[in-house]
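Below, each chain spelled out in residue letters.
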Amino acid sequence: MKEIIINLASQTGFATLDWKNYIMILVAFVFMYLAIAKGFEPLLLVPISFGMFLVNMFPGIIEEGGLLHYFYMLDEWSILPSLIFMGVGAMTDFGPLIAYPPSFILGAAAQFGIYGAYFLAIALGFTGKEAAAISIIGGADGPTSIFLAGKLGMGDTLLGPIAVAAYSYMSLVPVIQPPFMKLFTTKKERLVRMPQLRKVTKLEKIIFPIVVTLVVVMILPTTAPLVGMLMLGNLFRESGVVKQLTETASNAMMYIVVIMLGTSVGATTSAEAFLQVSTLKIVLLGLIAFSLGTTAGVLFGKLMCLVTKGKVNPLIGSAGVSAVPMAARVSQKVAAEYDPTNFLLMNAMGPNVAGVIGTAVAAGTFMAIFNVH
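A. Main features of the packing of helix H9 (residues 112–123) against helix H19 (residues 277–307). Taken N-terminus to C-terminus, the directions of H9 and H19 make an angle of 140°; their axes are 7 Å apart at the nearest point. Judged by the sense of rotation from one axis to the other, the crossing of H9 with H19 is right-handed. Contact residues: Phe-112, Gly-113, Gly-116, Ala-117, Leu-120 and Ala-121 in H9; Leu-285, Ile-288, Ala-289, Leu-292, Gly-293, Ala-296 and Phe-300 in H19.

Shown next as structure tokens:
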């Protein structure tokens, strides 16, 4: 009996965990608090925080044979990120981008944060592939970050910190972006009213995903999994003939994938893998990349405001990061602080959806550079 009791006691978490695990459990509670009490991206942070909570009590859950190991393999194989993109495409109206094509410029401008962080990561001692995987955090796009980290072989080392940083910054868009938006714009610029967007025809909306796929994938075949699924989901939506597929992709499938992806990402943050100096560097680089992306978008917005003689509100440039639709809502919120009757949301959605495409293109560019398929 004594041996049985000793054996049982040795198997408890109290006997097997060390102080680092308890730190990570505390971090998991902080994420849960932000998600539940503060409403910061709860659909993402609740499963991520609970995955983090589980793996630091029972590390075996992410090891081969453990439940979340098989969820994680779907991340590494790029299946879950690609399905997320299909769901995003099915949920998103690309009409504002079609109605105002110059929005592509703002979506592209926001990717400067990614490339700036890449060179900074190289300077801090990361390898080229590591720097590429880290820098994509600047797009504020969790699925793309996971996709690229897996493709570049960072699954066993950096995927956890990269994914957590990316999703954390996605959830903190309303906190991080406004100071930069206000710093680089004048009150007069924030008060600019943009004209109502023209009505986009159904034919245009159907042709758009086909043309974008053709152009982008022909130039960068490595973007096919992300851009292809994004545009397929959008074609479901706009064709009007596959309502069941649209509803499944944007609802049931999307939420199932978010549960699997979120918990598996959280489960990669074991104390051994996460509590390292490199993790702090990744979190810092991600913040720098995101800040640079926001700033670049706003500055290009100022340039467009100048060129168009005051017809573009620079605040919509910050929406060029691909956190859809939160970044567009932040543009609207900041503008409303200075003029409650100024409605920028639809104008900001153009750069926002352009940013989704831009981040996928940035990921495909890095894959092409390192000859990864």
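Now that the structure has been shown, the text picks up again.
B. Examining the nonpolar core more closely. Core analysis: the largest hydrophobic core is formed by 110 residues, its most contacted members being Ile-134, Ile-137, Ile-162 and Met-231. For this core, the element with the most residues is helix H21 (residues 345–369), which contributes eleven residues. Those residues in contact with Ile-134 that sit more than four places away from it in its chain are Phe-126, Leu-158, Ile-162, Ile-282 and Leu-285.

C. Geometry of the side chain of Ser-322. Secondary-structure assignment places Ser-322 in the loop between H19 and helix H20 (326–338). Setting aside anything within four residues of it in sequence, one finds Ser-322 in contact with Gly-139, Ala-140, Asp-141, Asn-352, Gly-355, Val-356 and Thr-359.

D. Summary view of H19. Over its 31 residues, H19 runs 45 Å from end to end, which matches the ideal 45 Å to within 8%, given 1.5 Å per residue. Backbone geometry just after H19 places Lys-309 at a positive phi near 60°.

E. Broad picture of the side chain of Asn-342. By the element assignment, Asn-342 lies in the loop between H20 and H21. Reaching out from Asn-342, the side chain makes a polar contact with the backbone oxygen of Val-192 at a distance of 3.0 Å. In this structure Asn-342 touches Arg-190, Leu-191, Val-192, Arg-193, Asn-313, Gln-332 and Ala-335, once residues within four positions along its chain are discounted.

F. Inspection of the environment of Ala-108 at higher detail. Topologically, Ala-108 is positioned in helix H8 (residues 103–109). You can call Ala-108 partly exposed: its relative accessible area is 42%.

G. Up close: the packing of aromatic side chains. Counted under the stated rule, the structure contains eight aromatic pairs. Their ring planes at 35° and their centres at 5.8 Å tell us that Phe-112 and Phe-300 sit as a pair that is tilted. Of the two residues, Phe-112 sits in helix H9 while Phe-300 sits in helix H19, which places them 188 residues apart along the sequence. Grouped by ring-pair contacts, the aromatic residues Tyr-115, Tyr-118, Phe-119 and Phe-366 constitute a single cluster. The ring of Phe-126 is capped by Lys-281, whose NZ or CZ atom sits 5.9 Å from the centre of that ring.

H. Spatial organisation of the environment of Met-57. Topologically, Met-57 is positioned in the loop between helix H4 (42–55) and helix H5 (67–76). Assessed through its relative accessible area of 36%, Met-57 is described here as partly exposed. Apart from the residues within four sequence positions on either side, Met-57 is in contact with Leu-17 and Ile-25.

I. Seen up close, helix H3 (residues 19–36). In this model H3 runs 26 Å from its N-terminal to its C-terminal C-alpha over 18 residues, within 8% of the 26 Å that 1.5 Å per residue would give. Within H3, the full set of buried residues consists of Asn-21, Met-24, Ile-25, Ala-28, Phe-31, Met-32 and Ala-35. Projected down its long axis, H3 shows its buried positions confined to an angular sector of 115°, all on one face. Exposed side chains of H3 directed beyond 90 degrees from the buried face belong to Trp-19 and Leu-26. In this structure, the buried residues of H3 make contact with H4, helix H12 (159–171) and helix H18 (271–274).

J. Structural context of the pattern of salt bridges. Here the structure, examined in full by the defined rule, presents six salt bridges. Note that Lys-205 is salt-bridged to Asp-93, the shortest N-O span being 3.3 Å. Pair noted here: Lys-205 is in helix H15 (residues 202–219) and Asp-93 is in the loop between helix H6 (79–91) and helix H7 (95–99), with a separation of 112 residues, a long-range link. The buried category is assigned to Lys-205, whose relative accessible area is 17%. Taking the shortest distance from any N to any O, the salt bridge between Lys-182 and Glu-337 comes out at 3.0 Å. In this pair, Lys-182 sits in helix H13 (residues 173–183) while Glu-337 sits in helix H20, placing the two residues 155 residues apart along the sequence.

K. Spotlight on a nonpolar patch on the surface. On the surface, a cluster of nonpolar side chains totalling about 720 Å² of accessible area is made up of Leu-203, Ile-207, Val-211, Leu-214, Val-215, Met-218 and Ile-219. Among the secondary structure elements, Leu-203 is positioned in helix H15.

L. Quick peek at the packing of H6 against helix H17 (residues 243–266). Contact pair H6 / H17: the axes reach a minimum separation of 8 Å and the direction vectors enclose 145°. As H6 runs across H17, the sense of the crossing is left-handed. In this structure, H6 uses Leu-80, Pro-81, Leu-83, Ile-84, Met-86, Gly-87, Val-88, Ala-90 and Met-91 to contact H17, whose residues at the interface are Thr-246, Ala-249, Ser-250, Met-253, Met-254, Val-257, Val-258, Met-260 and Leu-261. Here the residues of the contact of H6 with H17 are counted per class, giving 15 nonpolar, three polar and no charged.

Rules behind the numbers
Residues numbered from 1 in each chain as written. Predicted model: local features only at pLDDT ≥ 70, side-chain atom pairs only at ≥ 80, totals over all residues. Heavy atoms only, no water. Axes fitted to C-alpha atoms, helices over the stretch in contact; angles between N-to-C directions. Helix = DSSP H or I, 4+ residues; strand = E, 2+ residues; numbered from the N terminus. Left-handed = near helix turned anticlockwise from the far one by under 90°. Contact = heavy atoms within 4.5 Å. Core = buried A, V, L, I, M, F, W, Y, C linked by side-chain atoms within 4.5 Å. Buried < 20%, exposed > 50% of the residue type's maximum accessible area, 1.4 Å probe, protein only. Expected span 1.5 Å × (residues − 1). Polar contact = N/O pair within 3.5 Å; in protein donor to acceptor, adjacent residues only side chain to side chain. Phe/Tyr/Trp six-rings, centres within 6.5 Å; stacked < 30°, edge-to-face > 60°. Lys NZ or Arg CZ within 6 Å of the ring centre and 35° of its normal. Arc of directions from axis to C-beta. Salt bridge = Lys/Arg side-chain N within 4 Å of Asp/Glu carboxyl O. Patch = residues over 30% accessible without salt bridge, like charges linked within 9 Å, V, L, I, M, F, W, Y side chains within 5 Å. Areas by Shrake-Rupley, 256 points an atom, 1.4 Å probe, with all protein chains shown as cover. Nonpolar A, V, L, I, M, F, W, Y, C, P; charged D, E, K, R; others polar.

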